[in-house]
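In case you want the letters, here they are:
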Amino acid sequence: MNITAADIGQMDYNELIGLVRETNRPPGGLRSISAVARHAHLSAASTVLDVGTSTGITAVELARIVGCRVTAIDINAHSLAEGRRRAQQAGVENLISFEQRDVLDSGLPEDAFDLVFCGNVTSLLGDKERGLAEYTRLTKSGGFLGAIPMYYVDSPSGDLIARVSAAIDVPIEPLYRDFWLDFFTSPQRNLFLAQDYRFDHIADDVVDDFVDQILSRPHLAELDSGAVAALESRYREFMHLFQENLACMGFTVMLLRKEATGAEPELFTATRVG
Ligand SMILES: C[S@@+](CC[C@H](N)C(=O)[O-])C[C@H]1O[C@@H](n2cnc3c(N)ncnc32)[C@H](O)[C@@H]1O
């Protein structure tokens, strides 16, 4: 690996996780993926679009647990290559098509998927409304849109927002739960599931142990000692920043059903209390 300490000093978080091969999960990880699969009634006959698949965790898991066909798209070719490697390792490469596409202009046919899953990708899109219109266009009537947006539960300081924005190289505007519920829900997108979670507070030593474990991956042994030291310091710094940020945040596992003619009016709705 021909990567210097100076190269690592220039990398943002997304580039660094590509280097260390950290898995980029949707919020709630495999448990959220399992809830989406169950509540969307997926079967081996279903077709799924995984938007912003990154290294493919959702695509691989759905192919493994359901046996459905998945089209997994991302703008990042390096992440897609790692996704293909992981699909092969899991023995599900025949069920997944990894494609480099921008969801804002996907070129995919309309009404094509039983589930369009966009995890926590929408907050990263320059034009969220356009992204939502495209997710809806691609979903079959009677099919589901799955989203797991993250949001602030406690107001963050301006300084925290600035540091996280710089780390992920995307300007962040602090958004809250109500914003996302309003954003996704419409007569055409009928809210079927909204499970709320709050991120746990993770202790400093747990973060440090995780970083040590990731940095001991065999492929990183090829780096020279200067690059290893730079990687260790930068990656640890990012993880402690996210530890601080996520302690103020939560997420909602949402499923919305696409209704061809708009949802029937419903007067006596109910909210789960336990
Ligand atoms: C936070 S990761 C997603 C992790 C996980 N798959 C999830 O569902 O939350 C965001 C991914 O979205 C990709 N992405 C960002 N903008 C995109 C776009 N316009 N079209 C497709 N993928 C995009 C990024 O390259 C990145 O891999």
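Look up: the structure comes first, before these words.
Draft legend 1. Inspection of the overall build of the chain at higher detail. The helix and strand tally for the chain stands at ten helices and eight strands. Relative to its length of 274 residues, the chain is compact, with a C-alpha radius of gyration of 19 Å against a globular reference of 19 Å. Taking all 274 residues of the chain together, the buried fraction comes to 47%. Within the structure as shown, the chain displays about 14,100 Å² of accessible surface, and the carbon and sulfur contribution to it stands at 51%. Of the charged side chains in the chain, 24 are positive and 39 negative, and the gap between their average positions amounts to 6 Å.

Draft legend 2. Region of the structure containing the pairing of strand β3 (residues 96-100). Examined bridge by bridge, strand β2 (residues 69-74) and β3 share five bridges and lie parallel to one another. Bridging from a neighbouring strand, A72 pairs with F98 of β3.

Draft legend 3. Quick peek at the packing of helix α2 (residues 13-20) against helix α10 (residues 225-246). At a closest axis distance of 11 Å, the pairing of α2 and α10 adopts a crossing angle of 120°. Between α2 and α10, the interaxial angle falls into the category oblique. Classified by chirality, the crossing of α10 by α2 is left-handed. Of the residues in α10, those in contact with Y13, L16, I17, L19 and V20 of α2 are L231, R234, Y235, F238, M239 and F242. Of the residues assigned to the contact of α2 with α10, the class counts are ten nonpolar, no polar and one charged.

Draft legend 4. Broad picture of the environment of D208. Counting through the fold element by element, D208 comes out in helix α9 (residues 204-215). Along the chain, D208 and M249 lie 41 residues apart, while their C-alpha atoms are 21 Å from each other. The contacts of D208, once residues within four sequence positions are left out, are R236 and H240.

Draft legend 5. Inspection of the site of the ligand at higher detail. In the vicinity of the ligand there are 18 residues, among which G52, D74, D102, V103 and N120 approach most closely. Within the contact set of the ligand, a nitrogen atom lies 2.8 Å away from a side-chain nitrogen or oxygen of D102. Between the ligand and the protein, one listed contact pairs a nitrogen atom with a backbone N or O atom of V103 at 3.0 Å. Alone, the ligand offers 600 Å² of accessible surface; in the complex the protein occludes 89% of this. Residues that form the shell around the ligand fall into these classes: seven nonpolar, seven polar and four charged.

Draft legend 6. Structural view of the side chain of E22. Relative to the helices and strands, E22 resides in the loop between α2 and α3 (29-39). Nearest to the buried, unbridged E22 among oppositely charged side chains is R25, at 5.5 Å. Apart from residues lying up to four places away in sequence, E22 is in contact with Y13, I17, R86, F210, I214, R217, Y235 and M239.

Rules of the game
Residues numbered from 1 in each chain as written. Predicted model: local features only at pLDDT ≥ 70, side-chain atom pairs only at ≥ 80, totals over all residues. Heavy atoms only, no water. Helix = DSSP H or I, 4+ residues; strand = E, 2+ residues; numbered from the N terminus. Rg over C-alpha atoms; globule rule 2.2 N^0.38 Å. Buried < 20%, exposed > 50% of the residue type's maximum accessible area, 1.4 Å probe, protein only. Areas by Shrake-Rupley, 256 points an atom, 1.4 Å probe, with all protein chains shown as cover. Lys, Arg positive; Asp, Glu negative; His and termini not counted. Charge placed at Lys NZ, Arg CZ, Asp CG, Glu CD. Pairing = 2+ DSSP bridges. Axes fitted to C-alpha atoms, helices over the stretch in contact; angles between N-to-C directions. Parallel < 35°, antiparallel > 145°, perpendicular 65-115°, else oblique. Left-handed = near helix turned anticlockwise from the far one by under 90°. Contact = heavy atoms within 4.5 Å. Nonpolar A, V, L, I, M, F, W, Y, C, P; charged D, E, K, R; others polar. Near = heavy atom within 4 Å. Polar contact = N/O pair within 3.5 Å; in protein donor to acceptor, adjacent residues only side chain to side chain. Salt bridge = Lys/Arg side-chain N within 4 Å of Asp/Glu carboxyl O.

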